[in-house]
Amino acid sequence: MKFSIALFNLLFCQICIAQNIDSLALNNFRDAVLELQNSELLRNGSLAVSLKTVKDGKHIFSVNQERSLPSASTLKLVSTATALSVFGGDYRFQTFLEYDGVIKKDTLVGNLYIHGTGDPSLGSDRFKGYPGSAELLSRWAAAIQKAGIRYIKGKILGDASFFDNQPLASTWIWGDIGNYYGAGVQGLNFNENQYKIKFKPGAEPGDPSSFLGIEPAIPYLSFVNQVTTGDKGSGDQTIVYSSPLGNNVVLTGTVPTGFSSFSVKGSIPDAAEYVVFALKEKLRSVSIAVIESSDIANIPASLSGTKKVLDEYKSPPLRELCQQTNFWSINLYADAFLKQVGKRLTGKSGYDEAALAMSAFWSARNADMRGFYIKDGSGLSPSGSVTTGNLTDILNAVNKEATFPDFYKSIGILGVNGTVRNLGKGTRAAGNVRVKSGSIEGTRAYAGYVTSRSGTLLSFSIIANKYMPGSNRIMTDELVRLMALMAEL
């Protein structure tokens with residue numbers, strides 16, 4: 001019965017074969033989709049596919065393209081495309097080191113501020129020629145010294161007020177938010193809002209793993225270690241439980257035996273609080289005394305006054321940030337872009353308001369946004385959903401934007417780089433398909449562009465949802481097979 005229904009849907013789905021698309025190759029692709037849709041892998045799940053020409057938006061093939069399903073990280077294509085279209089590839093985030101009050105001889109009688117504007121890359125070591133976290137702290141300390149300041153009679157404050165006070169989407173799950181990929185977004189971010197946790201695994205599986213500390217040191221965090229030792233080669237199976245509302249962290253799961261030291265990554269609960277602590281420690285190391293300081297991290301908008309700038313830092317160009325986002329699927333960056341877009345377009349940076357603004361942006365560019373029910377900019381929320389038709393419509397609309405070359409280059413190449421560097425090798429898709437991968441529990445997704453044999457640029461989106469548990473590797477191979485068949489069109 002399921003075979004008959006699927007065949008009926010395929011026969012009646014909109015297929016407008018472009019003039020230069022190989023009909024035999026299209027039949028092979030269609031047969032492969034039908035085979036996967038009716039396999040045991042998807043007995044209780046769904047497969048949605050949309051394939052269109054980019055230039056004129058003609059449907060080459062679609063099945064279930066109006067079914068709203070979890071996007072996983074393919075949503076990052078929308079976030080990066082929107083940010084580039086709204087701000088341009090040359091846009092740079094700014095971060096200011098400021099002070100108020102007066103400098104009397106060698107003493108600042110006033111407060112020192114680290115004023116962020118949402119830069120997710122501040123202090124990151126990903127970008128050649130830009131300072132990492134330690135270098136940035138040294139730069140700020142040098143700027144203070146250059147101003148002749150040896151004593152600060154006031155507070156050091158992290159100003160994260162550029163964005164709203166909701167660093168996390170309310171729909172993220174508890175098992176994600178303490179881990180590095182679940183780091184929240186603030187108006188002031190630092191070192192990608194993450195830290196390393198070091199363990200010494202036991203000699204045998206099941207033995208306790210010793211907690212060796214964290215890097216960088218954050219002494220105001222407290223840890224409860226419940227991590228044990230897993231099998232050799234089992235990798236990082238830890239879960240870090242923490243909250244942006246507190247400084248207590250519980251460590252669970254396993255790390256593999258066979259290592260003298262094994263590191264995993266967690267998310268800093270409050271990045272603005274941390275950068276204040278880190279700068280105070282740096283100032284202390286260069287003999288700049290902070291008197292009457294406090295650890296207050298977020299300041300109200302009313303706390304103002306005439307501020308003078310000691311240092312202005314500019315991030316790498318947005319095109320470079322977007323490339324890193326899509327190549328390596330960085331949730332923090334994608335969610336920062338969503339908030340930045342929301343603030344620019346509507347003045348509101350909350351997740352819900354920014355999501356509505358992003359949807360309206362592409363709807364105004366003739367993308368069909370029905371079924372576009374996102375909860376964040378990264379796709380981490382399991383309750384957010386899109387249709388494959390949404391994604392191909394947006395990918396087509398981006399082609400008409402002046403920033404399309406930057407966007408296209410920001411997407412990883414199958415079999416070559418990014419998270420898809422090991423996929424599709426030995427097929428015609430390798431080196432041809434520009435694609436963003438996505439995966440959350442029960443969902444595998446791919447979206448991007450493929451060039452047909454005739455040179456026609458096609459947009460595509462594929463989402464497999466609620467497939468058989470334990471078949472992640474098999475499902476990935478099946479979807480890569482579909483991309484390889486698309487490259488034969």
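Calculation notes
Residues numbered from 1 in each chain as written. Predicted model: local features only at pLDDT ≥ 70, side-chain atom pairs only at ≥ 80, totals over all residues. Heavy atoms only, no water. Phe/Tyr/Trp six-rings, centres within 6.5 Å; stacked < 30°, edge-to-face > 60°. Helix = DSSP H or I, 4+ residues; strand = E, 2+ residues; numbered from the N terminus. Polar contact = N/O pair within 3.5 Å; in protein donor to acceptor, adjacent residues only side chain to side chain. Contact = heavy atoms within 4.5 Å. Core = buried A, V, L, I, M, F, W, Y, C linked by side-chain atoms within 4.5 Å. Buried < 20%, exposed > 50% of the residue type's maximum accessible area, 1.4 Å probe, protein only. Pairing = 2+ DSSP bridges. pLDDT = per-residue confidence, 0-100. Axes fitted to C-alpha atoms, helices over the stretch in contact; angles between N-to-C directions.

## Things to note about the packing of aromatic side chains
Working step 1: Summed over all chains, the structure comprises 20 aromatic pairs.
Working step 2: An angle of 50° between the planes, with centres 5.4 Å apart, marks the rings of Phe162 and Phe163 as tilted.
Working step 3: Centroid distance Tyr195 to Phe223: 6.2 Å. Interplanar angle 75°. Geometry classified as edge-to-face. Taken together, the positions of Tyr195 in strand S9 (residues 194–200) and Phe223 in strand S11 (residues 222–225) put the pair 28 residues apart, joining distant regions of the chain.

## Let's talk about the side chain of Ser243
Working step 1: Assignment of secondary structure puts Ser243 in the loop between strand S13 (237–241) and strand S14 (248–256).
Working step 2: Among the polar contacts made by the side chain of Ser243, one reaches the main-chain amide nitrogen of Leu245 at a distance of 3.0 Å.
Working step 3: Apart from the residues lying within four places of it in its own chain, the contact partners of Ser243 are Trp174 and Pro269.

## A short note on the nonpolar core
Working step 1: Membership of the largest hydrophobic core comes to 53 residues, with the highest contact counts inside it found for Trp362, Phe372 and Phe407.
Working step 2: The set of elements that each furnish at least two residues to this core consists of helix H3 (75–87), helix H7 (318–328), helix H8 (331–346), helix H9 (351–363), helix H10 (388–398), helix H11 (404–409) and strand S19 (443–451).
Working step 3: For Phe407, the contacting residues outside a window of four places in its chain are Leu77, Thr80, Ala81, Leu84, Asn326, Leu395, Val398 and Tyr449.
Working step 4: Counting 42 residues, the second-largest nonpolar core is a separate cluster that includes Leu136, Ile214, Val255 and Ile288.

## Examining the pairing of strand S20 (residues 457–465)
Working step 1: With respect to burial, S20 is a largely interior element, eight of its nine residues being buried.
Working step 2: In this structure, strand S1 (residues 46–53) lies alongside S20, joined through eight bridges in antiparallel fashion. In the sheet register, Val49 faces S20, and the bridge partner there is Ile462.
Working step 3: Pairing of S19 with S20 involves nine bridges; the strand directions are antiparallel. Each residue of the ladder has a partner; that of Tyr446, found in S20, is Ile462.
Working step 4: The antiparallel pairing of S19 with S20 creates a hairpin that spans five residues between the two strands, and Gly455 there sits at a positive phi of about 95°.

## Quick look at the confidence of the model for the protein chain
Working step 1: Scored by pLDDT, the protein chain has a mean of 93; 93% of the residues are at 70 or more.
Working step 2: For the stretch residues 1–18, pLDDT sits under 50, and the model shows 31 contacts to residues farther than four places along the chain or on other chains.

## Some details on the sheet that holds S9
Working step 1: Here we have three strands laid out as an open sheet, ordered S10-S9-S15, and antiparallel in their pairing. The open sheet terminates on both sides in strands that have one partner only, identified here as strand S10 (210–215) and strand S15 (262–267). Here the average twist between neighbouring strands, direction ignored, is 30°.
Working step 2: The pairing of S9 with S15 spans six bridges and is antiparallel. When the bridges of S15 are listed, Tyr195 appears paired with Gly266.

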